[in-house]
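Here are the chains, one letter per residue:
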Amino acid sequence: MTNPLHLFLGIVASLVVASAINLLYPRSTPMSSQTTNIIPIVALGVYREVAAKMDSLFAPTPFRMTAILDLKQDPPSVRYSPENLLTVLYNLHPRPKVFITGAALSRAMTAESIAVWEGYVKESRL
């Protein structure tokens, strides 16, 4: 089982990185007033239920879990893959600003998903 402190610290680190990206690459088009208060999060983990529980940590903040990809969901076509992650990232509105990976993922899968996220950020100019 993953240490909750490590999981929490990983989330905090992800939020700091996402905030820095947003400061370095501000959005060039204004968002509607309805969505300006929400900062969308996309999460990737082994089990969807674990990521879904993390949303309560963000309750007093503008961050909201808007999409979760996992490795166990049925049917397999909706499980994590780089292609499915790209589909989620490019089709959510407002655009995701934060990407969180679970601590139980392999280093290779974490690196792969972060590369997909970084490509999305660069191309979308978030």
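Residues numbered from 1 in each chain as written. Predicted model: local features only at pLDDT ≥ 70, side-chain atom pairs only at ≥ 80, totals over all residues. Heavy atoms only, no water.

Novice: What should I look at first to understand the overall build of the chain in this one?
Specialist: Scanning the chain from terminus to terminus reveals 4 helices and 3 strands. For the chain, the sequential pattern of α-helices and β-strands runs α-β-α-β-α-β-α. Residue burial in the chain is summarised as follows: out of 126 residues, 35% are buried. Taking the intrachain contacts of the chain between residues at least 6 apart in sequence as the baseline, contacts between residues at least 24 apart amount to 72%. (Helix = DSSP H or I, 4+ residues; strand = E, 2+ residues; numbered from the N terminus. Buried < 20%, exposed > 50% of the residue type's maximum accessible area, 1.4 Å probe, protein only. Contact = heavy atoms within 4.5 Å.)

Novice: Which parts of the structure should I look at to understand the environment of Pro 82?
Specialist: Along the polypeptide, Pro 82 turns up in helix H3 (residues 82-91). Accessibility expressed as a relative area gives 22% for Pro 82, which makes it partly exposed. A sequence separation of 35 residues divides Pro 82 from Trp 117, and the C-alpha atoms of the two residues are 9.4 Å apart.

Novice: Got a minute to help me understand the packing of H3 against helix H4 (residues 107-124) in this structure?
Specialist: Angle between the axes and distance between the axes are the two parameters that describe a pair of packed helices. At a minimum axis separation of 10 Å, H3 and H4 run at an interaxial angle of 35 degrees. The two elements H3 and H4 cross, and the hand of that crossing is right-handed. Packed against H3, whose contacting residues are Pro 82, Leu 85, Leu 86, Leu 89 and Tyr 90, the element H4 presents Glu 112, Ser 113, Val 116, Trp 117, Gly 119, Tyr 120, Glu 123 and Ser 124 at the interface. (Axes fitted to C-alpha atoms, helices over the stretch in contact; angles between N-to-C directions. Left-handed = near helix turned anticlockwise from the far one by under 90°.)

Novice: Could you clarify how one ought to interpret the side chain of Arg 95 in this entry?
Specialist: With respect to the secondary-structure elements, Arg 95 resides in the loop between H3 and strand S3 (98-101). The side chain of Arg 95 is buried and forms no salt bridge, while Glu 123, the nearest opposite charge, is found at 8.5 Å. (Lys, Arg positive; Asp, Glu negative; His and termini not counted. Salt bridge = Lys/Arg side-chain N within 4 Å of Asp/Glu carboxyl O.)

Novice: When you look at unusual backbone geometry in this model, what are you seeing that I'm missing?
Specialist: Residues other than glycine predominantly adopt negative phi, and peptide bonds predominantly adopt the trans conformation. Residue Pro 75 follows Asp 74 across a cis peptide bond; omega there is 0 degrees. In this structure, Pro 75 sits in the loop between strand S2 (63-70) and H3. In this chain, His 93 is followed by Pro 94 through a cis amide linkage whose omega measures 0 degrees. Secondary-structure assignment places Pro 94 in the loop between H3 and S3.

Novice: Any chance you could explain the pattern of salt bridges here in plain terms?
Specialist: Going through the model one piece at a time under the given rule, you end up with 2 salt bridges. A salt bridge links Asp 70 to Arg 48; its shortest N-O distance comes to 3.3 Å. Of this pair, Asp 70 sits in strand S2 while Arg 48 sits in helix H2 (residues 48-54), and the two are 22 residues apart along the sequence. According to the relative accessible area criterion, Arg 48 is partly exposed, its value standing at 26%. In this structure, Asp 74 engages Arg 79 in a salt bridge whose closest nitrogen and oxygen atoms are separated by 2.8 Å. Residue Asp 74 is classed as exposed on the basis of its relative accessible area of 54%.

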